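The lines below spell out each chain.
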Amino acid sequence: MTRESRWTGFGFLALLVLLWEAAGQYGWVHKLFFPPATKILASFLQIVVSGEVLGHVGVSLWRAGLGYALAALVAITLGVLMGYWRPVYEAFEVVVELLRALPPPAIIPVAIVFLGIGDQMKVFIILFSCAFPILVNTMDGVRSVDPVLIRTARTFGLAQASLVWKVVLPAASPFIMTGLRIALAIALILVVISEMVGATSGIGYFILDSQRSFRIPQMYAGMLVLALLGYGLNRCFLLLDARLMAWHKGLTARQR
Amino acid sequence: MLEVRDLRKEFQPLSGQPVVALGSVSFRVEAGQFVSIVGPSGCGKSTLLQCIAGLSRPTAGRVLLHGREVTGPPEGLILLFQEYNKSLMAWRSVLRNVRFGLENRAGMGRAEMDAEARRYIDLVGLKGFEAHYPWELSGGMQQRVAIARALVRHPEVLLMDEPFGSLDALTRIELEDALLRLWESLRATILFVTHDIEEAVYLSDRVYVLSHRPSQVIEEIEVKLERPRNQLTTREDPRFIGARHHIFELISKEMAKA
Ligand SMILES: Nc1ncnc2c1ncn2[C@@H]1O[C@H](COP(=O)(O)OP(=O)(O)OP(=O)(O)O)[C@@H](O)[C@H]1O
Ligand SMILES: [Mg+2]
């Protein structure tokens, strides 16, 4: 994105905020349900400065981060095994395809039965729903590794374990990164959903609780926090991706 | 030292009759020799090298290295692939690609490996490109990286599959001579596949000519030209021209059968 186009984007955002403000001020919409932007911003400043929301953000980040990291570990491992060894693929394929077809919120009731409504349940749900995009992309990535590369590693005498570690994983890494990026968005969605189902902390709880206690500006402020959080995380991911996958961008640019 | 006995390889395509790539191929290579294999396109030269390298199981027949049957990639034998650009690791710099040739060997520190890798990068004429990535290099430079990566390991046997096939004439001449110099200093055994008859004669002590599919060795030609060879005088030598004519006629006959 060029600098100019980013400024255009911010300009449009400012216009929307102004419109929102005017709609509230002049009573075009119900003032109670759509408080003016200035009120929302004031509430936002208040919950950030008082630190009230930061604790909730921290808890949500911890749950999402743990679930996401575990999902990456499990799914990359299984994805490599399934992509590389046909028998493993044949053994797991049906189970994976069935579980993958379940919309993640559908497993919340089951997770509550087995794990209660504490952190374990939330981390599990995030793990479960993040695992599939990572798994499927890892598998595709491993399958797309050029056979010449694998044979080269073999002629240099690499044993299977170091072949996977030194050749298959890096060669598949652009696909794995794609899976990880999709899963990042899913982790945020699921942490919020799970915190709305049963929790006394977390940003999802904070938003729902604000609504229930009729602190509408605070509810919007919570959503603003969430939006900024998601935006920030995604940008961090893209920065990391640009650094780690610079070779892949160069390679594909050259091939074009 | 390296012996191929009655090697046969059939492929079952997705549809239709099985393809017999190698009919019955037999030959031997003595230690320290430079041996070339020429044959019409599609006669199974790449297939043959993959079987020798232990990367592909023959349908019948055996490959013996020091009298022992090859069943998997043998220690001390490296295959340089025809698709050399795909054999390089796009995520590693030139230096780290060449270092890969040493990495899974015990008893060498990182610094020592890097020093050795740099030495070979120099030898193939890539000094200054250590930090570049393979996809930032030209085809000829990529091939040099692949050669350096193989040689840094001091393989006893080096199998090369049309390594200079896609290079321009000048780069090719330069790399032919560089390869000969390195071969002489390393005393390796090289089995070199090419479809270029002149190149085969120029480089080799011996040339095996393969027939059309299903292939077998139809002739063995000793090349009795002095070394070091010279791009001008060697190629003007009557013995060179004689060998070239002879092989050319053999291959033309094979192509006509196809
Ligand atoms: N994996 C495969 N499946 C089916 N057929 C194959 C396979 N690999 C090779 N073949 C067939 O075997 C024959 C020999 O192929 P190979 O690549 O060894 O030829 P080549 O002599 O190296 O040709 P070139 O000079 O063009 O590189 C070809 O007819 C090809 O169609
Ligand atoms: Mg070939």
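Novice: I'd like to hear about the packing of aromatic side chains, residue by residue, with values.
Specialist: The full count for this structure, using the stated rule, is 14 aromatic pairs over all chains. Judged by centre distance (6.0 Å) and plane angle (75°), the rings of Trp20(A) and Phe34(A) are edge-to-face. In this pair, Trp20(A) sits in helix α1 (residues 3-25) while Phe34(A) sits in the loop between α1 and α2 (37-49), placing the two residues 14 residues apart along the sequence. With relative accessibility at 31%, the residue Trp20(A) sits in the partly exposed group. For Phe34(A), a relative accessible area of 36% gives the class partly exposed. An angle of 85° between the planes, with centres 5.4 Å apart, marks the rings of Phe34(B) and Trp183(B) as edge-to-face. Taken together, the residues span a long stretch of sequence, with Phe34(B) in strand β3 (residues 34-38) and Trp183(B) in helix α6 (residues 169-186) at a distance of 149 residues. Three or more aromatic residues link up through ring pairs in this structure, and these residues are Phe34(B), Phe164(B), Trp183(B) and Phe192(B). When the ring centre of Trp183(B) is taken as reference, the NZ or CZ atom of Arg187(B) above it lies at 5.6 Å. Sitting above the plane of the Tyr202(B) ring, Arg235(B) keeps its charged end 4.7 Å from the centroid.

Novice: With reference to specific residues and values, describe the coordination of the magnesium ion (ligand 2).
Specialist: All names here are of chain B. The magnesium ion (ligand 2) binds to the protein through Ser-46 (OG) and Gln-82 (OE1); the donor distances cover 1.9 to 2.3 Å. Taken as a pair, Ser-46 in helix α1 (residues 45-52) and Gln-82 in the loop between β6 (77-80) and α2 (84-87) lie far apart in primary sequence, 36 residues in all. Judged by its relative accessible area of 24%, Ser-46 is partly exposed. On the basis of relative accessible area, Gln-82 is assigned to the partly exposed category, the value being 33%.

Novice: Summarise the pairing of β3(B); cite the residues concerned and give the values.
Specialist: All names here are of chain B. Where burial is concerned, most of β3 is hidden: five out of the five residues are buried. The side-chain alternation of β3 yields two buried faces, one formed by Phe-34, Ser-36 and Val-38 and the other by Val-35 and Ile-37. Pairing of β3 with strand β8 (residues 189-194) involves five bridges; the strand directions are parallel. Residue Phe-34 lies in a different strand from β8, and its bridge partner there is Ile-190. When β3 meets strand β9 (residues 206-210), the two strands line up parallel, connected through four bridges. Bridge pairing in β9 places Ser-36 opposite Val-207.

Novice: How would you summarise the packing of α2(A) against helix α3 (residues 52-84) of chain A if you had to cite specific residues and measurements?
Specialist: Residues and elements named next belong to chain A. One can describe the packing of α2 onto α3 by two numbers: an axis separation of 4 Å at closest approach and a directional angle of 70°. On the basis of their axis angle, the class for α2 and α3 is roughly perpendicular. On α3, the residues touching Gln-46, Ile-47 and Val-48 of α2 are Glu-52, Val-53 and Leu-54. A breakdown of the residues in the contact of α2 with α3 according to their chemical character gives four nonpolar, one polar and one charged.

Novice: Give a description of the pattern of salt bridges that names residues and reports values.
Specialist: Taken as a whole and assessed by the stated rule, the structure comprises 31 salt bridges over all chains. Between Asp146(A) and Lys86(B) there is a salt bridge, with the nearest N and O atoms lying 3.9 Å from each other. You can see Asp146(A) sitting in the loop between α6 (119-143) and α7 (147-155) and its partner Lys86(B) sitting in helix α2, one on each of two chains. Here Asp146(A) falls in the partly exposed class, since its relative accessible area comes to 23%. Under the relative-accessibility criterion, Lys86(B) is labelled partly exposed at 40%.

Novice: If you had to explain the site of ligand 1 to someone new, which residues and values would you point to?
Specialist: Residues and elements named next belong to chain B. Around ligand 1, the structure places Phe-11, Ala-21, Ser-41, Gly-42, Cys-43, Gly-44, Lys-45, Ser-46, Thr-47, Gln-82, Glu-162 and Arg-213. Residue Gly-44 places a main-chain N or O atom 2.9 Å away from an oxygen atom belonging to ligand 1. Residue Gln-82 places a side-chain N or O atom 3.0 Å away from an oxygen atom belonging to ligand 1. In terms of residue class, the shell around ligand 1 is made up of three nonpolar, six polar and three charged.

Novice: So what's going on with the packing of helix α5 (residues 108-115) of chain A against α6(A)? Residues and values would help.
Specialist: Residue and element names in this part refer to chain A. Where α5 contacts α6, the axes come no closer than 9 Å and their chain directions differ by 140°. Classified by the angle between their axes, α5 and α6 sit oblique to one another. The way α5 lies across α6 gives a crossing that is right-handed. Together, Ile-108, Ala-111, Ile-112 and Leu-115 of α5 and Gln-120, Met-121, Phe-124 and Ile-125 of α6 make up the contact between the two elements. Class assignment of the residues belonging to the contact of α5 with α6 gives a composition of seven nonpolar, one polar and no charged.

Novice: Lay out the confidence of the model for chain B with the relevant residues and their values.
Specialist: Mean pLDDT over chain B works out to 92, with 100% of the residues at or above the 70 mark. Listed scores for the predicted complex are pTM 0.89 and ipTM 0.91.

Novice: Any details on unusual backbone geometry? Residues and values, ideally.
Specialist: All names here are of chain B. Across the junction of Arg-213 and Pro-214, the peptide omega takes the value -15°, indicating a cis bond. Within the secondary structure layout, Pro-214 lies in the loop between β9 and β10 (217-222). At His-66, a position not held by glycine, the phi torsion is positive, near 50°. Looking at the element boundaries, His-66 is found in the loop between β4 (60-65) and β5 (68-69).

Novice: Give me the lowdown on the sheet that holds β8(B), citing residues and values where you can.
Specialist: Residues and elements named next belong to chain B. Taking strand neighbours across the sheet as the criterion, the six strands line up as β6-β7-β8-β3-β9-β10 in an open arrangement whose pairing is mixed. This sheet does not close on itself; its edge strands, each paired only once, are β6 and β10. Taken over all neighbouring pairs, the strand axes of this sheet differ in orientation by 15° on average, direction set aside. By the bridge criterion, five bridges tie strand β7 (residues 157-161) to β8 in an arrangement that is parallel. Opposite Leu-159, over in β8, you have Leu-191 as the bridge partner. Along the sheet face, helix α5 (residues 139-151) touches β6 and β7 and points at about 175° away from the line of β6.

What counts, and at which threshold
- Residues numbered from 1 in each chain as written.
- Chains lettered and ligands numbered in written order.
- Predicted model: local features only at pLDDT ≥ 70, side-chain atom pairs only at ≥ 80, totals over all residues.
- Heavy atoms only, no water.
- Phe/Tyr/Trp six-rings, centres within 6.5 Å; stacked < 30°, edge-to-face > 60°.
- Helix = DSSP H or I, 4+ residues; strand = E, 2+ residues; numbered from the N terminus.
- Buried < 20%, exposed > 50% of the residue type's maximum accessible area, 1.4 Å probe, protein only.
- Lys NZ or Arg CZ within 6 Å of the ring centre and 35° of its normal.
- Donors = N, O, S within 2.8 Å, 3.2 Å for Na, K, Ca; no water.
- Pairing = 2+ DSSP bridges.
- Axes fitted to C-alpha atoms, helices over the stretch in contact; angles between N-to-C directions.
- Parallel < 35°, antiparallel > 145°, perpendicular 65-115°, else oblique.
- Contact = heavy atoms within 4.5 Å.
- Nonpolar A, V, L, I, M, F, W, Y, C, P; charged D, E, K, R; others polar.
- Salt bridge = Lys/Arg side-chain N within 4 Å of Asp/Glu carboxyl O.
- Near = heavy atom within 4 Å.
- Polar contact = N/O pair within 3.5 Å; in protein donor to acceptor, adjacent residues only side chain to side chain.
- Left-handed = near helix turned anticlockwise from the far one by under 90°.
- pLDDT = per-residue confidence, 0-100.

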